Every structure is written in C-alpha cells, then in structure tokens.
Amino acid sequence: MTRVSADERRRLLVQAAIRVMARDGVAQATTRSIVAEADMSLGTFHYCFRSKEELLEQVITTITSHTLAPALEIIEGPGTLEEKLRGGLASYWQHVLDNPDEHRVTYELTQYATRNPALAEVARMQYRTYLDAHTKVIETLGSSAGVTWTVDVAVLARYLTAIVDGLTLLYLNEGDAETAGAAIDLAATQLLGLVTDRPTS
C-alpha cells in the first residue's frame, strides 16, 4: 500500500472540508463528515490538525490561493500595466463565476466564526489573509510594471479588498455577472489612475 505523507493527508482533508462546506454548509462540516468525505479515519484528522480552528484557517488559505496564484502569474508575466491589472482581476472574477459555491463558503465561514467565540480568531485571520493577498498583488504589480502608487499600499490593499469582497457578495446574491464584472473593470480603471512612473534615480 502506498504511504501518504502527512502534508498530503492535510491537503486532502482541506479539500474534503471545502466540498462538504460548499455542499452542506459550514455548520454541517463536522470533523466526522469531513473525514468521511476524505475517506479517512477520525484519528487521521487529529494527527493532521490540532483543532478544527486550524483546519478552517487552512481552508481560508487554500481558497485564497485558488484565486491569488493565477492572478500573480498574470501580473508577473508579460504585458503593460493595464493588461496585467485587468488580466489579474479578470482571472479572479472568472474563478467566482466558475466556483460560486466555493466563494459562498467564505462568507458563510465569516459569519459562522464571528458567532462562535472559540473561532473568533478565524474570522480575523480570514481578512488578514485577504489583505496580505491584495498587498502582494499591489506590490507585485508595481514592481513588475515599474510603477509606484500615489496612495499608501496599506490603503490600496483595503480598498481592493473592499471592492472585490463587496462585488463578489453582491453577485452571489444578485446574480448579475455582467454588471458586476463591469464594476470590477471600473475598479481597475480607478487603480490605473493611482500610479506614477518609478523614479529613475
């Protein structure tokens, strides 16, 4: 029998948790339902994770990586500043359209965590992860395109987080992909107005 590493088991458990949450809801994603989905034992779960909180944090990190990694690949690739920025945002938006249930999980997870004192740190960690991701996008875009920003990066990261988070939630509840996508494009236009040429000193 092939031996499965602990890292691989953790990855499989996280993927199973995301499937259970998307299908049944966050509240129904018990450790027993997750290990059943992953076809593993309860003992394996406790070997891989110290707590359910740790698992939920990994769920957040994993879902964020599903959109961050493709966007960074575009931003770090060839093209103009505008092509990189619009391409990165379009990549994120396409993931929302293709995986709406996965994104619903993130909002449900926030509410679930904030209503459970034992999981309050999960919600705080969730938005720190978003801010870190958008900070990386902004900094990578600036360095790869050779520009600086006229607004502090910390402020831009919060602006981008609010725009992306809000428009995603609006689309998931309203269902108007075309208009929400146009609003994402508008955000790109506004961001393009906040750059300046990098000093040549």
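Note that the structure is a prediction, hence the values are computed from the model and not measured.

Undergrad: Give me the lowdown on the pattern of salt bridges, citing residues and values where you can.
TA: Counted under the stated rule, the structure contains 11 salt bridges. Put simply, Asp7 and Arg10 hold a salt bridge, and the shortest N to O gap is 2.3 Å. Residue Asp7 and its partner Arg10 are located together in helix α1 (residues 6-24), separated by 3 residues, close to a single helical turn. Close ionic contact of Glu121 with Arg128 constitutes a salt bridge, the shortest N to O distance being 2.6 Å. A relative accessible area of 27% places Glu121 in the partly exposed class. Taken together, the shared-partner salt bridges connect Arg19, Arg23, Asp24 and Glu37 into one network.

Undergrad: Which residues make up the side chain of Glu102, and what values go with them?
TA: Position of Glu102 relative to the elements: it lies in helix α6 (residues 100-114). No salt bridge is formed by the buried Glu102. Its closest oppositely charged neighbour is Arg19, at 9.5 Å. Of the polar contacts made by the side chain of Glu102, one reaches the side chain of His66; its length is 2.7 Å. Look past the residues within four positions of Glu102 in its chain and what remains in contact with it is Ile18, Ile63, His66 and His95.

Reading the values: the criteria
- Residues numbered from 1 in each chain as written.
- Predicted model: local features only at pLDDT ≥ 70, side-chain atom pairs only at ≥ 80, totals over all residues.
- Heavy atoms only, no water.
- Salt bridge = Lys/Arg side-chain N within 4 Å of Asp/Glu carboxyl O.
- Helix = DSSP H or I, 4+ residues; strand = E, 2+ residues; numbered from the N terminus.
- Buried < 20%, exposed > 50% of the residue type's maximum accessible area, 1.4 Å probe, protein only.
- Lys, Arg positive; Asp, Glu negative; His and termini not counted.
- Polar contact = N/O pair within 3.5 Å; in protein donor to acceptor, adjacent residues only side chain to side chain.
- Contact = heavy atoms within 4.5 Å.

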